[in-house]
Amino acid sequence: MEAILRRWLLGLDPELSHQLGFAAAWLGDQILPRYIEKSFEFEHPILRQRIWGMDFPNPIGLAAGCDKNGLLLSFWERLGFGHIEIGSVTLTPSGGNPRPRLFRLPEDRAIINRLGLPSKGAHKVAQRLLKISDYKIPLGINIARTDHGDAVVEDYSRCIALLLPHAKYLTINISCPNTEGGQILATVELLDALLSRLDQQVGKQVPILLKLSPAETAKVVYDSQPEAILETAMNHEISGFVVTNTAEDRHGLTTNTERLDTIGRGGLSGPPIHQRAIQMIKYVRANVGSEYPIIGVGGVSSARDVYSMICAGASLVQLYTALVYEGPSLVKRIKEDLVKLLQSDGHTSIVSAIGTVSGLADAKLDEDNKPK
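Computed from a prediction, not measured in an experiment: that's the story for all the values here.

## Thoughts on the overall build of the chain
Looking only at helices and strands, one finds 13 helices and 13 strands in the chain. Across the 372 residues of the chain, 56% fall into the buried class. Within the chain, contacts between residues at least 6 apart in sequence are counted, and of these 74% link residues at least 24 apart.

## Regarding the sheet that holds strand S6 (residues 110–113)
Spatial ordering of the open sheet is given by S5-S6-S11, a layout of 3 strands whose pairing is antiparallel. Of all strands in the sheet, those with a lone pairing partner are strand S5 (102–105) and strand S11 (267–269), marking the two edges. Neighbour-to-neighbour, the strand axes of this sheet turn through a mean angle of 20°, independent of strand direction. With 4 bridges connecting them, S5 and S6 associate as antiparallel partners. Bridge assignment links Arg-104 to a residue of S6, and that residue is Ile-111.

## Thoughts on the nonpolar core
Core analysis: the largest hydrophobic core is formed by 87 residues, its most contacted members being Trp-76, Phe-81, Ile-172, Leu-210, Phe-241 and Val-284. With residues near it in sequence (within four places) discarded, Trp-76 still touches Phe-22, Leu-62, Cys-66, Asp-67, Phe-81, Ile-84 and Leu-323.

## Considering a nonpolar patch on the surface
On the surface, a cluster of nonpolar side chains totalling about 570 Å² of accessible area is made up of Trp-26, Leu-27, Ile-31, Leu-32 and Tyr-35. Ranked by residues supplied to the nonpolar patch, first place goes to helix H2 (residues 14–31) with 3 residues. Judged by its relative accessible area of 47%, Trp-26 falls in the partly exposed class.

## Describing the pairing of strand S13 (residues 316–319)
Where burial is concerned, the two faces of S13 agree: the one with Leu-316 and Gln-318 and the one with Val-317 and Leu-319 are both buried. Relative to S13, strand S3 (residues 60–62) runs parallel, the two sharing 3 bridges. The residue of S13 that forms the bridge with Gly-61 is Gln-318. Pairing of strand S12 (residues 294–297) with S13 involves 3 bridges; the strand directions are parallel. Residue Gly-296 lies in a different strand from S13, and its bridge partner there is Val-317. Running through helix H11 (residues 303–312), the crossover from S12 to the neighbouring parallel element S13 is right-handed.

## Examining the environment of Leu-102
As for its position among the elements, Leu-102 is in strand S5. According to the relative accessible area criterion, Leu-102 is buried, its value standing at 13%. Sequence separation between Leu-102 and Arg-114 is 12 residues, and the spatial gap between their C-alpha atoms is 6.4 Å. Residue contacts for Leu-102: discarding those within four places in its chain leaves Pro-14, Glu-15, Ile-111, Ile-112 and Asn-113.

## Looking at the pattern of salt bridges
Where charged atoms from two side chains of opposite charge approach closely, those side chains can pair. Enumeration over the complete set of coordinates arrives at 14 salt bridges. Across the pair Arg-78 and Asp-29 runs a salt bridge, and its minimum N-O distance is 2.5 Å. One end of the pair, Arg-78, is in helix H4 (residues 73–79); the other, Asp-29, is in helix H2, with 49 residues separating them in the sequence. Pair check on accessibility: Arg-78 and Asp-29 agree, each one buried. Close ionic contact of Asp-249 with Arg-276 constitutes a salt bridge, the shortest N to O distance being 2.7 Å. In this pair, Asp-249 is assigned in the loop between strand S10 (240–243) and helix H9 (257–263) and Arg-276 in helix H10 (residues 274–288), connecting sequence segments 27 residues apart. If you follow the salt bridges from partner to partner, you end up with Asp-29, Arg-34, Glu-37 and Arg-78 in one network.

## Regarding the packing of H11 against helix H13 (residues 329–344)
The description of two helices packed together rests on the angle between their axes and the distance between the axes. Packing of H11 against H13 leaves a shortest axis separation of 8 Å and a crossing angle of 55°. Relative to H13, the element H11 is oriented oblique. Like other packed secondary-structure pairs, H11 and H13 cross with a definite hand, here right-handed. Only Ile-334, Asp-337, Leu-338, Leu-341 and Leu-342 of H13 make contact with H11, whose side of the interface consists of Ala-303, Arg-304, Val-306 and Tyr-307.

## Some thoughts on the packing of helix H8 (residues 224–235) against H10
Two elements in contact, H8 and H10, have axes separated by 11 Å at closest approach and are oriented at 50°. Of the possible angle classes, the one that applies to H8 and H10 is oblique. In this structure, H8 crosses over H10, and the sense of that crossing is right-handed. Counted together, Pro-226, Glu-227, Leu-230 and Met-234 of H8 and Met-280, Tyr-283, Val-284, Asn-287 and Val-288 of H10 form the full contact between these two elements. Considered class by class, the residues forming the contact of H8 with H10 number 7 nonpolar, 1 polar and 1 charged.

What counts, and where the lines are drawn
All residue numbers here refer to positions counted from 1 along the written sequence of the relevant chain. Given that the model is predicted, a residue must reach a pLDDT of at least 70 before its local features are reported, and side-chain atom pairs must reach 80 or more before they are shown or counted; all residues, however, enter totals for whole chains, interfaces and linings. Working from all heavy atoms in the structure, the side-chain values ignore hydrogens and water. By the criteria applied, helices consist of DSSP H or I runs no shorter than four residues and strands consist of E runs no shorter than two, each listed in order from the N terminus. Partly exposed describes any residue whose relative accessible area lies between the buried limit of under 20% and the exposed limit of over 50%, with all areas from a 1.4 Å probe on protein chains only and scaled to the type maximum. We call two residues contacting when some pair of their heavy atoms lies within 4.5 Å. The rule for pairing is simple: two strands pair if DSSP sees at least two bridges between them. Lines fitted to C-alpha atoms define the axes here, with helix axes fitted over just the stretch in contact, and angles between the N-to-C directions of these axes take values from 0 to 180 degrees. Take the buried Ala, Val, Leu, Ile, Met, Phe, Trp, Tyr and Cys residues and link them wherever side-chain atoms come within 4.5 Å; each set so joined is a nonpolar core. Patches in this entry comprise residues that are over 30% relatively accessible and not in a salt bridge; like charges within 9 Å are linked, as are nonpolar side chains (Val, Leu, Ile, Met, Phe, Trp, Tyr) within 5 Å. Method for areas: the Shrake-Rupley scheme with a 1.4 Å probe, in which residue coverage is limited to the protein chains shown. One speaks of a salt bridge when a side-chain nitrogen belonging to Lys or Arg is within 4 Å of a carboxyl oxygen belonging to Asp or Glu. With the strands aimed away from the viewer, a crossover counts as right-handed if its path from the first strand over the helix to the second runs clockwise. Oblique is the label for any angle not covered by the other classes, which are roughly parallel (under 35 degrees), roughly antiparallel (over 145) and roughly perpendicular (65 to 115). Handedness of a crossing follows from how the near helix is turned relative to the far one, being left-handed for an anticlockwise turn of less than a right angle and right-handed for a clockwise one. Ten residue types, Ala, Val, Leu, Ile, Met, Phe, Trp, Tyr, Cys and Pro, are classed as nonpolar, four, Asp, Glu, Lys and Arg, as charged, and the remainder, Gly among them, as polar.

Fair warning: the whole summary comes from geometry, so function is off the table for now.
Structure, rendered in structure tokens:
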């Protein structure tokens, strides 16, 4: 049934498909919550971690960009995620960019989006979260600047003031390739000013993470700007990093250039950026050390992808694009296979695999269980 529904949704306009998928998930969560929970239930002690004083039942999280306004929190938990990150949320409501603004690249199992941060706004999201209490896993809220206005630090600060009571952690989105001026906080001076404000406003109430841009290539990063951003973040005793955002370029795609030219600009997500995300995780880990947990994002679609990020230095991972192509059963399948990989390398806890870099197991996973 899931495969039939997925094929039908993939035949529709991507944004319409997203809306219909959300509607179906909401309805199922209302009338069949226990059935959903039982269908996707799988946890194992080896996957558990305690980070930032919070318990994560497994390392698989929902990436920001999927549930921008926190509409399906209990559904994501029943699906088996170990944490959820909603957003990006902006201070004021924003409709985002004109449509079409979401494009699938089936040949690459990838997506290009130029949504432009559509958001119901921080006030409405905070009101919704105030009414929800039936989720138990950690909830992160991704904050981005409003598309317009020059008072960047004040914009972030006011948005955080509304959402702080509802967040287990905050992610500051310092770069978005889909908005005018989206790279504005990728300057050290503004980042320093923002983090100085947040030192006073948030303090140690909740962890604050920075979401970074991907490396330009899958090769080793040699760039003074990322190094300066990391140094600034550490000076302010930031809690960790989300690595990485979508990519503006089109490196590594098999989709023909005519199709790409027709689509135009937008952020690329999915398998083509996976190796670059891993390289950026290694880079961040090497520069900041193990005391700053990393959430790895970018092209995660299998247990081996997750394990690669863990071995590179990520404590947690997030996915979104793969859900579009693989469907909700992906989360359970990844957790089952991840346990096999960890055990094959002799790990009794996922924590011991973090940052081992070369510890990829030779275990043979059941290819027959993977979607065709």
